[in-house]
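Spelled out, the chains give:
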Amino acid sequence: MKYWLIAVGQRMPGWVDEAYAEYARRMPAPTPLQLRELRAESRGAGLDTQSVLEREAQRIEEALPAQALRVVLDERGQRMTTLQLAEAMRAWRQQGRDVAFVVGGADGLAPAVKASADLLLRLSDLTLPHGLVRVLLAEQIYRAHSVISGHPYHRAG
């Protein structure tokens, strides 16, 4: 089983790449966290927001691993604590399917991407820059995995 982070946007600041890589490196070999960065659609050529989102949605669909469970990050998604995420990850692991976390670009995600989600997940009530979302999500995946495996990384209640 693999965890995937499918993220619209490339060329993140060095600190984003370093922090993401640190948490991805900590994941055990049987359940790696892998990043697929997708090119954001250019606003040139008079494209409206809907056209941008549709083009990015096509890239997202092509990047998603076959049969992967889709967790789409959305500001209106379900709120979860780390322990709730760990329980969800435990259930996903029992299904034996890869899990793909999808992070949209600057304009968000097309309605079709959200509609295809197995879970809409809200990472925070705050609006966060996309690079920071990658880092926070990678850290939470690692933290939830440490809860599942009984590793002492997660010490909160």
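Residues numbered from 1 in each chain as written. Predicted model: local features only at pLDDT ≥ 70, side-chain atom pairs only at ≥ 80, totals over all residues. Heavy atoms only, no water.

Peer 1: Mind showing me how you'd approach the nonpolar core here?
Peer 2: Soluble, globular proteins show a tendency: their nonpolar side chains are buried together. Counting residues in each nonpolar core, the largest one holds 29 residues, and the members touching the most others are Leu33, Trp92 and Phe101. Only strand S1 (3–8), helix H1 (14–26), strand S3 (69–79), helix H3 (82–95), strand S4 (99–103), strand S5 (119–122) and helix H5 (130–149) provide two or more residues apiece to this core. Looking at this core element by element, the count peaks at seven residues for H5. The next biggest cluster of nonpolar side chains, apart from the first, holds 17 residues, and it includes Trp4, Val8, Val102 and Ala117. (Core = buried A, V, L, I, M, F, W, Y, C linked by side-chain atoms within 4.5 Å. Buried < 20%, exposed > 50% of the residue type's maximum accessible area, 1.4 Å probe, protein only. Helix = DSSP H or I, 4+ residues; strand = E, 2+ residues; numbered from the N terminus.)

Peer 1: Looking at this structure, how should I read the sheet that holds strand S2 (residues 33–38)?
Peer 2: Across a sheet, paired strands are connected by hydrogen bonds in the backbone, their directions being either parallel or antiparallel. Judged by pairing direction, the sheet is parallel, and its five strands sit side by side in the order S2-S1-S4-S3-S5 without closing on themselves. Only two strands of the sheet have a single neighbouring strand rather than two, namely S2 and S5. Neighbour-to-neighbour, the strand axes of the sheet open up by a mean angle of 30 degrees, direction not taken into account. Each of S1, S3, S4 and S5 touches H3; the most contacted strand, S3, lies at about 160 degrees to it. (Pairing = 2+ DSSP bridges. Axes fitted to C-alpha atoms, helices over the stretch in contact; angles between N-to-C directions. Contact = heavy atoms within 4.5 Å.)

Peer 1: Can you help me understand the packing of H3 against H5 in this one?
Peer 2: For any two helices packed against each other, one specifies the inter-axial angle together with the distance between the axes. Following both chains from N to C, one finds H3 and H5 inclined at 75 degrees, their axes separated by 8 Å at the closest point. When the axes of H3 and H5 are compared, the pair comes out roughly perpendicular. Residues Thr82, Leu83, Leu85, Ala86, Met89, Arg90 and Arg93 of H3 form the contact with H5, whose participating residues are Gln140, Ile141, Arg143, Ala144, His145, Val147 and Ile148. (Parallel < 35°, antiparallel > 145°, perpendicular 65-115°, else oblique.)

Peer 1: Sorry if this is basic, but what is going on with the environment of leucine 136 here?
Peer 2: Following the sequence through the fold, leucine 136 ends up in helix H5. The spatial distance from the C-alpha of leucine 136 to the C-alpha of tyrosine 23 is 9.5 Å, given a sequence separation of 113 residues. Setting aside its immediate chain neighbours within four residues, leucine 136 contacts Leu123 and Leu128.

Peer 1: I keep staring at helix H2 (residues 49–63) and nothing clicks. Help me out?
Peer 2: The periodicity of an α-helix, 3.6 residues per turn, causes residues three or four places apart in sequence to face the same way. Here H2 spans 21 Å end to end across 15 residues, near enough to the 21 Å set by a 1.5 Å rise per residue. Buried-residue contacts for H2 involve S1, S2, S4 and helix H4 (111–115). (Expected span 1.5 Å × (residues − 1).)

Peer 1: Which parts of the structure should I look at to understand the pairing of S5?
Peer 2: Here S5 shows a buried face lined by Leu119 and Leu121 and an unburied face lined by Leu120 and Arg122. Both S3 and S5 contribute to a ladder of five bridges, which runs parallel. Note that in S5 the partner of valine 71 across the bridge is leucine 119.

Peer 1: What exactly am I supposed to notice about the environment of valine 113 here?
Peer 2: Relative to the helices and strands, valine 113 is located in helix H4. A sequence separation of 28 residues divides valine 113 from isoleucine 141, and the C-alpha atoms of the two residues are 21 Å apart. When residues no more than four places from it in sequence are discounted, the contact partners of valine 113 are Ala57, Ile60, Val72 and Val102.

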